[in-house]
Amino acid sequence: MKATVIANKDYTIAKIDDRVYGAFLEHLGRAVYEGIYEPDHPTADKDGMRGDVIELVKKLNVPVVRYPGGNFVSAYDWEDGIGPREDRPVRLDLAWHTSESNQVGVHEFADWCATVGTEMMLAVNLGSRGVDEARNFLEYVNHPGGSYWSDLRIANGRKEPWNVKMWCLGNEMDGSWQVGHKDAVEYGKLAANTARAMRMFDSKLELIVCGSSNADMPSYPDWERIVLEHTYDHVDYISLHMYFANRDDNTPNFLGLAEKLDTYIETVAATIKQVKAKRKSKRDVYISFDEWNVWYHSNKKDREILDGNGGWPHAPGLLEDIYNFEDVLMVGLILNTFIRRSDVVKIACIAQLVNVIAPIMTEKGGPAWAQTIYFPYYFASVFGRGTALQLQVNSPGYETPHAKVSPFVDVAGVRNDDGTLSFFLVNRHTTDSIETELELQGFAGGTVIDHQVMTHPDLKAVNTAKDQEQVAPRKGEGATIADGKVSVTLPPYSYQMLRVR
Ligand code: AHR
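Note that the coordinates shown come from a computational prediction; the quantities given were computed from them, not determined experimentally.

Participant: Describe the overall build of the protein chain, naming the residues involved and giving the relevant values.
Facilitator: If you tally the helices and strands in the protein chain, you get 11 helices and 26 strands. The globule rule puts the C-alpha radius of gyration for 501 residues at 23 Å, and the 23 Å found for the protein chain is close to it. In the protein chain, which comprises 501 residues, the proportion classed as buried is 50%. Taking the contacts inside the protein chain whose residues are at least 6 apart along the sequence as the reference set, 76% of them involve residues at least 24 apart.

Now the structure itself:
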């Protein structure tokens, strides 16, 4: 089987916003406690943050981390997480039926972000609270001093404001599971009023309004239209979320979900344009895809934890998906989609970063390690920055319930700022290798400078604390380049990164 790909230096999609390689960290399960924060851990720093996790996060070069939720934020009082630790209240978290000790709050999170070299993206609570909480939190975080909230921050040990630019106006407000769930009109009005108040403080903030929780919501895509009709002039992004599951153990259909993702983005991009036209607006609103990942492996265990606890445990092991090799392919496909849609998707956050549906896992008192999906995320985040190429792809394909054709070869190409070309390729064929020819038109490229391959005989192979490298990339062999054409064999069910200079 053969496929061809043409990359021409004059055909590009957009400059990729680095923030499409962002992540998400919620007060949920062991994401914060035993994830990033474990004061008794042998690698903990002076702030109680795990050094081994910091190292794994740093390697990913994560540009932005969304915090503190998620469903958690919709009944969260941010004031509980400031001031002396011993005075902070323990609260019940309704979203996940757990207790929240508040030992980590905005100060600790901000310090951790500075240590790992990432930017904060904060969410305000528009579930149980509203405009007042949002304006106070904003003043606390971003005002230099001389006001009640900013002086309280200074008294709590942080002199300089953090100047957080990105603010989410609530979370998944279309979902009946959300504390303070609203219909599109109610939410649209509240979000517009909150955004107006926040902009009175600082007109340059980047505000993100909630879109649909997923493309199967009964209110989708009217939700987007109605919410944007209320908020279009006041926000910069609409957020989308999507989780990917292989519950019937049907790998071709699972991997075909990439086309469902693509259609979801295309539809919301069209809705944005519709509202823009209706409002005769000159402004653009973009997509913040601020929750995405594979999520289903842990569902059964979570039901047992939640049904069986009979109480409100602190940091139980919720949503601890153990990812397999098949998920590497899915995550590669998702990231390729974001690169190809970089004209409209400007922010995206893998959900989440540590322990909870995450590329990084930890054991209490023990090791931290990279799950299988760490690697495609790493390759895209580190090497997928620059300008997205408009590739001409010719590949045989197959049909799924999500689309008439899913090409077996899925590829995204990036011209990095130093002129290197980076290609990310997934072969979705069950049994066949695909001989792929990549024609480079108008580029100087003459040498393959890096070639990484992920394959595995067992789609269900996983990494564990004891066997951390069961699924890991290895150096590729056999990619050749002649007359501006790169030839490479893509084994069945494989992920590859090829870099040419
Ligand atoms: O990431 C886990 C949860 O998924 C988030 O709390 C919520 O926003 C979504 O439903």
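Participant: How would you sum up the site of the ligand? Please name residues and give values.
Facilitator: What surrounds the ligand is the set Glu 26, Gly 69, Gly 70, Asn 71, Asn 171, Glu 172, Ser 213, Glu 291, Ala 351 and Gln 352. Of the residues assigned to the shell around the ligand, the class counts are one nonpolar, six polar and three charged.

Participant: Would you mind going over the domain arrangement of the protein chain in detail, with residue names and values included?
Facilitator: Under the domain assignment used here, the protein chain contains domain 1 (2–9 + 389–500) and domain 2 (17–383). Computed over C-alpha atoms, the centres of domain 1 and domain 2 are 30 Å apart. At four residues, strand β19 (residues 409–415) tops the list of elements feeding residues into the side of domain 1 that touches domain 2. Classifying every residue of the side of domain 1 that touches domain 2 gives 19 nonpolar, 10 polar and five charged.

Participant: So what's going on with the pairing of strand β8 (residues 166–169)? Which residues, and what values?
Facilitator: Side-chain positions along a regular strand alternate between the two faces of the sheet. The side-chain alternation of β8 yields two buried faces, one formed by Met 166 and Cys 168 and the other by Trp 167 and Leu 169. Summarising the sheet, strand β7 (residues 119–124) and β8 pair through four bridges and their orientation is parallel. When the bridges of β8 are listed, Ala 123 appears paired with Cys 168. Pairing of β8 with strand β9 (residues 206–210) involves four bridges; the strand directions are parallel. Opposite Trp 167, over in β9, you have Leu 207 as the bridge partner.

Participant: Before we move on, can you summarise helix α6 (residues 222–231) with the specific residues and values?
Facilitator: Among the residues of α6, those classed as buried are Trp 223, Glu 224, Val 227, Leu 228, His 230 and Thr 231. In a view along the axis of α6, the buried residues occupy a sector of 155°, so they form one face of it. Residues of α6 that are buried make contact with α5 (184–201), β9, β10 (237–244) and α8 (257–278).

Participant: I'd like a description of the sheet that holds strand β12 (residues 345–351), backed by residues and values.
Facilitator: One closed barrel accounts for eight strands, arranged β3-β4-β7-β8-β9-β10-β11-β12; its pairing is parallel. Across the sheet, the axes of successive neighbouring strands diverge by a mean angle of 30°, strand direction being ignored. Both β9 and β10 contribute to a ladder of three bridges, which runs parallel. By the bridge assignment for β10, Val 209 is matched with Ile 238. Where helix α10 (residues 325–340) meets the sheet, its contacts fall on β10, β11 (286–294) and β12, and the angle it forms with β11 comes to roughly 175°.

Participant: Now, about the nonpolar core: what can you tell me, with residues and values included?
Facilitator: Inside soluble globular proteins, nonpolar side chains tend to come together where they are buried. One finds Leu 25, Val 65, Trp 167, Leu 169, Leu 353 and Ile 360 to be the most contacted residues of the largest nonpolar core, which totals 154 residues. Counting only domains with at least three residues in this core, you end up with domain 1 (2–9 + 389–500) and domain 2 (17–383). With residues up to four places along the chain from it excluded, the contact list for Val 65 reads Gly 22, Ala 23, Phe 24, Leu 25, Cys 113, Thr 118, Met 120, Met 121 and Leu 353.

Participant: I'd like a rundown of the sheet that holds strand β15 (residues 387–389), residues and numbers included.
Facilitator: The seven strands are arranged β2-β15-β19-β20-β26-β22-β23 in an open sheet whose pairing can be described as antiparallel. Single-partner strands in this sheet number two, and they are β2 (12–15) and β23 (474–475). In this structure, strand β20 (residues 421–427) lies alongside strand β26 (residues 494–500), joined through seven bridges in antiparallel fashion. Of the residues in β26, the one forming a bridge with Ser 422 is Arg 499.

Participant: Which residues make up the environment of Pro 89, and what values do they have?
Facilitator: Looking at the element boundaries, Pro 89 is found in the loop between β4 (64–67) and β5 (91–93). For the pair Pro 89 and Phe 338, spaced 249 residues apart in the sequence, the C-alpha separation amounts to 40 Å.

Participant: Lay out the pairing of β12 in plain terms, naming residues and giving numbers.
Facilitator: The buried count for β12 comes to seven of seven residues, which makes it a mostly enclosed element. Where strand β3 (residues 22–24) lies against β12, three bridges are found, and the strand directions are parallel. By the bridge assignment for β12, Phe 24 is matched with Ala 351. Bridge count between β11 and β12: four bridges; the pairing is parallel. Residue Phe 289 lies in a different strand from β12, and its bridge partner there is Ala 348.

Participant: Go over unusual backbone geometry, please, and point to the residues and values.
Facilitator: The peptide bond linking Tyr 67 to Pro 68 adopts the cis configuration, its omega dihedral lying at 5°. Residue Pro 221 is reached from Tyr 220 by a cis peptide bond, and omega for that bond is 0°. With respect to the helices, strands and loops of the structure, Pro 221 is situated in the loop between β9 and α6. With a phi close to 50°, Asn 163 is a non-glycine residue in the positive phi region. The residue Asn 163 is located in the loop between α4 (148–155) and β8 in this model.

What counts and how
- Just so you know, the residues in each chain are numbered from 1, in the order the chain's sequence is written.
- The model is predicted, so local features are restricted to residues of pLDDT at least 70 and side-chain atom pairs to those at 80 or more, both for listing and for counting; the totals for chains, interfaces and linings are taken over all residues.
- Every helix listed is a DSSP run of H or I at least four residues long, and every strand listed is a run of E at least two residues long, numbered separately from the N terminus.
- We compute the radius of gyration from the C-alpha atoms alone; for a globule the expected value is 2.2 Å times N to the 0.38, where N is the number of residues.
- Counting other C-beta atoms within 10 Å of its own, a residue is labelled buried from 20 upward, exposed at 12 or fewer, and partly exposed in the gap between, with every C-beta atom placed from the backbone.
- Throughout, a pair of residues is in contact if the C-beta atoms placed from their backbones lie within 7 Å.
- For each residue, a C-beta atom is positioned from the backbone; the residue is called near a molecule or strand if that atom sits within 6 Å of it.
- In this count, Pro and Cys sit with the nonpolar residues alongside Ala, Val, Leu, Ile, Met, Phe, Trp and Tyr, while Asp, Glu, Lys and Arg are called charged and the others, Gly among them, polar.
- Each domain's limits were defined by an automated method or a database of domain assignments.
- If DSSP finds at least two bridges between two strands, the strands pair.
- Arc definition: it is the arc formed by the directions from the helix axis to the C-beta atoms.
- To get an axis, a line is fitted to the C-alpha atoms, and for a helix only the part in contact is used. The angle between two axes follows their N-to-C directions and goes from 0 to 180 degrees.
- Here, a nonpolar core denotes buried Ala, Val, Leu, Ile, Met, Phe, Trp, Tyr and Cys residues that are linked to one another through C-beta atoms within 7 Å.

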